[in-house]
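# Breakdown of the fold
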Amino acid sequence: MTPTEHTYAGPALPPDLDEAVHRCLVAGFDGTTTVPDTLKRLIDRGLGGVILFTRNVRDAQQVRELTDALRDFRPDLLVAIDNEGGGIGHLVSAGAPEVPGSFALGVVDDTRLTALCADALAGHLTSLGITASYAPVADLQHHPLNPIVRTRSFGADPQLVSRHLRAWITATEARGVASCAKHFPGHGGTVTDSHHDVAVDPRAYDELDLDPFRAAIAVGVPMLMSAHVVFPALDPDRPATLSPRILSGLLRDELGFDGVLVSDALEMKAIADSYGEAAGARLALEAGADQVIVAVPDLGVTVGCRDAVLDAVGSGALPAERVREAAERVRRLAERYAAPVASGAIARWDSGAGLEAARRAVRTPAPHVRGAHVVDLFPPPHPALNWGGEDLLTEVRALDPTATGTVVTQAPADVAGLAAEILRRAEDAPLVVATYDAELHPWQAALRGALLAGRTDVVRVSTGLPDGGAVCSYGRGRVNLRAMAEALVCVA
């Protein structure tokens, strides 16, 4: 027993109900080759699923051995991962196919390519024994200051997003992998990242972004993920993850979704700081969720959530039938998706589709520069998304070894001084200045402005959403940056 592990001390539940409670949990954990004892005990009692992160990944063979070991404990255990492509890079070291983020796919607007990229990701998952993917993002990116959706979305047009969702979900399903449209009923209308605080979408009901979720439900998406976002037009008191009005009323009764509804991670501050993970687990299940994710590797947090649910069921505060209903949905999902496809039956995927899509997304002609000084400005990687910190300079130098450059990942103490130093380093070479969502990071705009004041011939690049007249890659995944480097260096 780990020091942080709790034990439930309440009245014992019937074995089938105890198992039902455990089916409603998805746990994160530490380890690449061994399964922690606490996790083994949870699996033995019926744990519904595990979620893998970069911390669980060393290489492809190791991941497959780990997923096989997990299923040796319980064959109907769902093994899941966030696998959106683009900058979500948990499986890079396991040879993940390189595909751009969803926004670039939406810019290209070729559903054939979107399906090929989704197929590549899902095919790779099957080779690793992972059969559930918490993707795609169904949110619309229409608020310019939204800090978390951005290039993870297919775009702002609900019809465009809907058709790419259908292509993605259908391709993933064909591989025998469960997809999950997220974050219901939409995270794109907020200016707060729910990883850090409670997010609020103040719009009226008829302005909310429900159409993509309707499209996902209509095409048979097996899972939806809830948003830790408050929608005053629907429920002014609770975020969607904890709201019966939203999960049971809107999603189940109005939209008719009968698949597995899974919560976003309970340790996100929108839930953890206001309710606590344990209370969040109980309230989410009570509201209509079927599984709750506890992604932190400290299994004591997961056990604490489990104990809170056991206690609520034992006391009658959480109806046993609600838990049985949720567990039955999870059981049906596992029956369909838990067992991985046999290795010999896995068809190859198109490994070039991602680069083709990324190239086609770079639509504004880029001035061709060789021997350039490339200035790449971007913030540190988001800890939850695990974008790997790839930079444009590296991709440019792979094609043009004469290029030089400067990479800046945090606000400089002296913007004017750094700008002067960069201009000195660049001398008479072409100067490329790349920013990543500069409207969210004022230091980037300030440094870019100082460089533009010193040089009138700067080639402006955006590696996030469109930014004025800059050449745009629509994402910072490695394949996006490679496509941008090709455009700058003029590689056909």
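Residues numbered from 1 in each chain as written. Predicted model: local features only at pLDDT ≥ 70, side-chain atom pairs only at ≥ 80, totals over all residues. Heavy atoms only, no water.

### Comments concerning the pairing of strand β14 (residues 431–435)
With five of five residues buried, β14 lies mostly within the body of the structure. The side-chain alternation of β14 yields two buried faces, one formed by L431, V433 and T435 and the other by V432 and A434. Pairing of β14 with strand β15 (residues 459–462), which is carried by four bridges, proceeds in the parallel orientation. Among the inter-strand pairings, V433 is bridged to a residue of β15, identified as R460. Read as a crossover between parallel neighbours, the route from β14 over helix α16 (residues 442–454) to β15 is right-handed. (Buried < 20%, exposed > 50% of the residue type's maximum accessible area, 1.4 Å probe, protein only. Helix = DSSP H or I, 4+ residues; strand = E, 2+ residues; numbered from the N terminus. Pairing = 2+ DSSP bridges. Right-handed = clockwise from strand over helix to strand, strands pointing away.)

### So, the environment of T114
Following the sequence through the fold, T114 ends up in helix α5 (residues 111–128). With relative accessibility at 0%, the residue T114 sits in the buried group. Between the alpha carbons of T114 and V92 there is a distance of 20 Å; along the sequence they are 22 residues apart. In this structure T114 touches L105, F154, H164, A167 and W168, once residues within four positions along its chain are discounted. (Contact = heavy atoms within 4.5 Å.)

### Remarks on the side chain of H90
Mapped onto the elements of the fold, H90 is located in the loop between β3 (78–81) and α4 (102–108). A polar atom in the side chain of H90 sits 2.9 Å from the side chain of T54. (Polar contact = N/O pair within 3.5 Å; in protein donor to acceptor, adjacent residues only side chain to side chain.)

### Digging into helix α12 (residues 320–337)
In this model α12 runs 26 Å from its N-terminal to its C-terminal C-alpha over 18 residues, within 8% of the 26 Å that 1.5 Å per residue would give. If you check which residues of α12 are buried, you get R322, V323, A326, A327, R329, V330, L333, A334 and Y337. An end-on view of α12 places all buried positions within 155 degrees of arc, on one side of the element. Facing away from the buried side of α12, by more than 90 degrees, are the exposed residues E321, E335 and R336. (Expected span 1.5 Å × (residues − 1). Arc of directions from axis to C-beta.)

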